[in-house]
Amino acid sequence: MAKQNRRRRTGRKPAAAPGLPVEQALSGDPAQVADAIATVAFLAAQGDKNAIDRFIDQVTGAELAAGVQLAGQRIIARAFDFGWLPADIHEAARRRVDEFATAYLTDLMAEHRADFPAESVDEIWQSQLTELAAAVWWTPTHPHLDQWADRALLTPEEALTAALSAFALLIQLPKLEQIAPLPGTRRHTTHHHVDEKTLGRVRGLLAKAESTSFAEEAETLSAKAQELMTKYAIDRALLHSQQTAPDLPAARRIWLETPYTDAKALLIDMVTRANRARAIFVAEWGFVTVVGDDTDLDAVEILSTSLLVQATRAMIDNATTDESRSRHYRKAFLTAYATRIGELLTKAAEATIANAPTQLLPVLASHQQRVDQAFDTYFPTVRSRGITIRSAEGWTAGTEAADQACFDKR
C-alpha cells in the first residue's frame, strides 16, 4: 500500500482546458477513445507537461481501458516500424520515464509479439523480449489496464497516467534504421554468433580482468580475451570465404550510461575499428550503432562492456585530487583512455592477423568492403564530430591508465 499511497493523486479538479479531446473519450467508442488518447500523448510529447493531468481530470470515471489498449497497439507498432527494437524502447524508457511507464511498455511489447507465430519472429527480437521477461500474463477477456493497475498497486488514474506517459515517449522516438526484420515479415536472417564455449572462456577472462587490482594481471587477461576473439573471427572468415553467398553484415545498438557518453562512444568506436566493423553515435538518445558480421559484433559488445568497466574503475581510482574529480578532467581521462585503447587494440589485431594463413588477406579485404557498403546503406549521410578536451592532466592520466590496464603489447 505504501507504493500506492506514494503515487495517489491529490483529487484536484482544475477547469477544463480548451483543445483537449474529452468528448471523444467520453463517447465510449474505443476507436474514438484511442484517437483521443493518441492526441493527448502527442501534446505531452510536444512539451505540454500538463496535458495528461488535464485530460485525466476531465475524464475520471469514463471507460477508457479498451481505448487505451487500442491506442497502445497502434503507437507501439509505429515505433517498431520506425526501426526501434524491444531493447531500444526499454533503454529509452529507463532513461526518460518512470518505472511504471517502463513496465507498461514491456507488457505492450509482449502483446504486440503475441500476434505473430514464432517462426515469423527474428532471433534478435525474441532474445531481447526474453531478456526483458516480456510475456502475456494477463487474462485476455478483461482489460489489460485494469489488471495491470491491480498488479502494480496503482489507482486507475495512476495507471492511466503511466500508460499515457509511455505513449508520449513512443511518439517522441525518431525514425531509425531497420536493423532487424519486423515480426510477421517472414524474412529470415541467419545469425552466426561466437560459440558458447569460446564466449564462456572470454567472459571468464574479462571478469577476472575487471576484478583484479593488479594492472599486469588485467593486461594479460584482457590480451588473452582479445586473442581468442580475433582467432575465432579469423576462422569464421576463412570458413565463410568458401561459401558462394557470404552472410550479409548485421547491425547492433549499444546503449551508454551517462555521464561522458561521447567519450564512452569513442571507446566503442575504437574497439569497433579494431574488430573490422563500423560505428556511429546517436548523441541525443545515447546509443552507438555498430555494423559488421555477427562474430565481430559479439567481440565489440563483450570487449566494449569490459573496457568501459575497466576505464571507469581506473578513472575513479585515479581521483585523488580536486582536479581529478572535475568533469573536465574525467572527460579528458576517458577520451584519452579510449584513444590509447584503440591504438593498442589495432596493434593486437594486426599481430594476430599477421600470423594467420596468407589467404586471409583477400578475405578480410572482401569483408571490409561488404561492411563499408552496408554501413553506407544504413547511414548515407554521416557527419563527424570532435570531442573538446579541457584538461591536459586528465588526458595524460587516461593514456597512462590505458597503457597499464588493457592489452598486452608484446
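Quick caveat: nothing in here was measured; it's all calculated off a predicted structure.

**Some points on the side chain of Lys-264**
Phase 1 of the analysis: Turning to its location among the elements, Lys-264 is positioned in helix α13 (residues 261-274).
Phase 2 of the analysis: Among buried Asp, Glu, Lys and Arg side chains, Lys-264 stands out as unpaired, with Glu-257 the closest opposite charge at 7.2 Å.
Phase 3 of the analysis: Lys-264 has contacts with Leu-256, Glu-257, Thr-258, Pro-259 and Leu-308, leaving out every residue within four places of it along the chain.

**Here we look at the confidence of the model for the protein**
Phase 1 of the analysis: Chain-level pLDDT for the protein is 83 on average; 81% of the residues reach the 70-or-more range.
Phase 2 of the analysis: This model gives residues 1-18 a pLDDT under 50, and the stretch forms 27 contacts once residues within four places in sequence are excluded.
Phase 3 of the analysis: In the predicted structure, residues 406-410 sits below a pLDDT of 50 and forms 20 contacts with residues beyond four places in sequence or in another chain.

**Some words on the packing of helix α5 (residues 65-81) against helix α10 (residues 156-172)**
Between two packed helices, what matters for the description is the angle formed by their axes and the separation of those axes.
Phase 1 of the analysis: Interhelical geometry of α5 versus α10 gives an angle of 25° and a closest axis separation of 9 Å. Accordingly, the angle class assigned to the pair α5 and α10 is roughly parallel. As α5 packs across α10, the resulting crossing turns out to be left-handed. When α5 is examined against α10, the residues Val-68, Ala-71, Gly-72, Ile-75, Ile-76, Arg-78 and Ala-79 are found in contact with a partner set consisting of Leu-160, Ala-163, Phe-167, Leu-170 and Ile-171.
Phase 2 of the analysis: Here the residues of the contact of α5 with α10 are counted per class, giving ten nonpolar, one polar and one charged.

**Concerning the pairing of strand β2 (residues 278-282)**
Phase 1 of the analysis: Sheet topology places β2 next to strand β3 (residues 287-292); five bridges connect them, and they run antiparallel. Within β3, the residue paired with Phe-281 across the bridge is Val-288.
Phase 2 of the analysis: Counting the residues in the hairpin turn of β2 and β3 gives four residues, including Gly-286, whose phi is positive at 85°.

**Quick word on the packing of aromatic side chains**
Any two aromatic rings considered together are summarised by their centre-to-centre distance and by the angle between their planes.
Phase 1 of the analysis: Counted under the stated rule, the structure contains twelve aromatic pairs.
Phase 2 of the analysis: By the ring-pair criterion, three or more aromatic residues cluster together here, those being Trp-84, Trp-255, Trp-285 and Phe-287.
Phase 3 of the analysis: In this structure, Arg-96 is placed above the aromatic ring of Trp-285, and the distance from its NZ or CZ to the ring centre is 3.7 Å.
Phase 4 of the analysis: The ring of Trp-137 carries Arg-151 above its face, with NZ or CZ at 4.1 Å from the centroid.

**Thoughts on the nonpolar core**
Phase 1 of the analysis: Grouped together as the largest cluster of nonpolar side chains are 70 residues, with contacts concentrated most on Ile-89 and Phe-167.
Phase 2 of the analysis: Here this core takes eleven residues from α10, the largest share from any one element.
Phase 3 of the analysis: The contact partners of Phe-167, leaving out residues within four places of it in the chain, are Ile-37, Ala-41, Val-68, Ala-71, Gly-72, Ile-75, Tyr-104 and Leu-108.
Phase 4 of the analysis: In terms of nonpolar packing, the next biggest core, distinct from the first, is built from 45 residues, Val-290, Val-300, Leu-303 and Phe-333 among them.

**Concerning the sheet that holds β3**
Phase 1 of the analysis: The three strands are arranged β1-β3-β2 in an open sheet whose pairing can be described as antiparallel. Every interior strand has two partners, whereas the edge strands, β1 (250-255) and β2, have only one. Ignoring strand direction, the axes of neighbouring strands in this sheet form an average angle of 20°.
Phase 2 of the analysis: Across the sheet, α13 touches β1, β2 and β3, and the angle it forms with β2 is around 170°.

**Observations concerning the pairing of β3**
Phase 1 of the analysis: Counting buried residues in β3 gives six out of six residues, a clear majority hidden from the surface.
Phase 2 of the analysis: The alternating pattern of β3 places Phe-287, Thr-289 and Val-291 on one face and Val-288, Val-290 and Gly-292 on the opposite face, and all of these are buried.
Phase 3 of the analysis: Of the strand pairs in this sheet, β1 and β3 are connected by six bridges, and their pairing is antiparallel. Its bridge partner being in β3, Arg-252 is matched across the sheet by Val-290.

**Considering helix α16 (residues 360-378)**
Phase 1 of the analysis: For α16, which comprises 19 residues, the first-to-last C-alpha distance of 27 Å matches the rise-based estimate of 27 Å (1.5 Å per residue) to within 8%.
Phase 2 of the analysis: Of all the residues in α16, the buried ones are Leu-360, Val-363, Leu-364, His-367, Arg-370, Val-371, Ala-374 and Phe-375. The buried residues of α16 all sit within an arc of 135° when viewed along its axis, so they share a single face. α16 presents Leu-361, Pro-362, Ala-365 and Thr-377 as exposed residues on the side facing more than 90 degrees away from its buried surface.

**A short note on the packing of helix α6 (residues 86-96) against helix α7 (residues 99-113)**
Phase 1 of the analysis: In contact at an axis separation of 9 Å, α6 and α7 are set at 165° when each is read in the N-to-C sense. The pairing of α6 with α7 is recorded here as roughly antiparallel in orientation. Here the hand of the crossing between α6 and α7 comes out right-handed. Residues Pro-86, Ile-89, His-90, Ala-93 and Arg-94 of α6 form the contact with α7, whose participating residues are Thr-102, Leu-105, Thr-106 and Met-109.
Phase 2 of the analysis: Residue composition of the contact of α6 with α7, by class: five nonpolar, three polar and one charged.

**Notes on unusual backbone geometry**
Phase 1 of the analysis: Thr-258 connects to Pro-259 through a cis peptide bond whose omega is 0°.
Phase 2 of the analysis: Within the fold, Pro-259 resides in the loop between β1 and α13.
Phase 3 of the analysis: You will see that Leu-153, though not glycine, has its phi angle at about 60°, which is positive.
Phase 4 of the analysis: One non-glycine residue, Tyr-260, lies in positive phi territory at about 60°.
Phase 5 of the analysis: Mapped onto the fold, Tyr-260 is located in the loop between β1 and α13.
Phase 6 of the analysis: A relative accessible area of 11% places Tyr-260 in the buried class.

The rules we used
Residues numbered from 1 in each chain as written. Predicted model: local features only at pLDDT ≥ 70, side-chain atom pairs only at ≥ 80, totals over all residues. Heavy atoms only, no water. Helix = DSSP H or I, 4+ residues; strand = E, 2+ residues; numbered from the N terminus. Buried < 20%, exposed > 50% of the residue type's maximum accessible area, 1.4 Å probe, protein only. Lys, Arg positive; Asp, Glu negative; His and termini not counted. Salt bridge = Lys/Arg side-chain N within 4 Å of Asp/Glu carboxyl O. Contact = heavy atoms within 4.5 Å. pLDDT = per-residue confidence, 0-100. Axes fitted to C-alpha atoms, helices over the stretch in contact; angles between N-to-C directions. Parallel < 35°, antiparallel > 145°, perpendicular 65-115°, else oblique. Left-handed = near helix turned anticlockwise from the far one by under 90°. Nonpolar A, V, L, I, M, F, W, Y, C, P; charged D, E, K, R; others polar. Pairing = 2+ DSSP bridges. Phe/Tyr/Trp six-rings, centres within 6.5 Å; stacked < 30°, edge-to-face > 60°. Lys NZ or Arg CZ within 6 Å of the ring centre and 35° of its normal. Core = buried A, V, L, I, M, F, W, Y, C linked by side-chain atoms within 4.5 Å. Expected span 1.5 Å × (residues − 1). Arc of directions from axis to C-beta.

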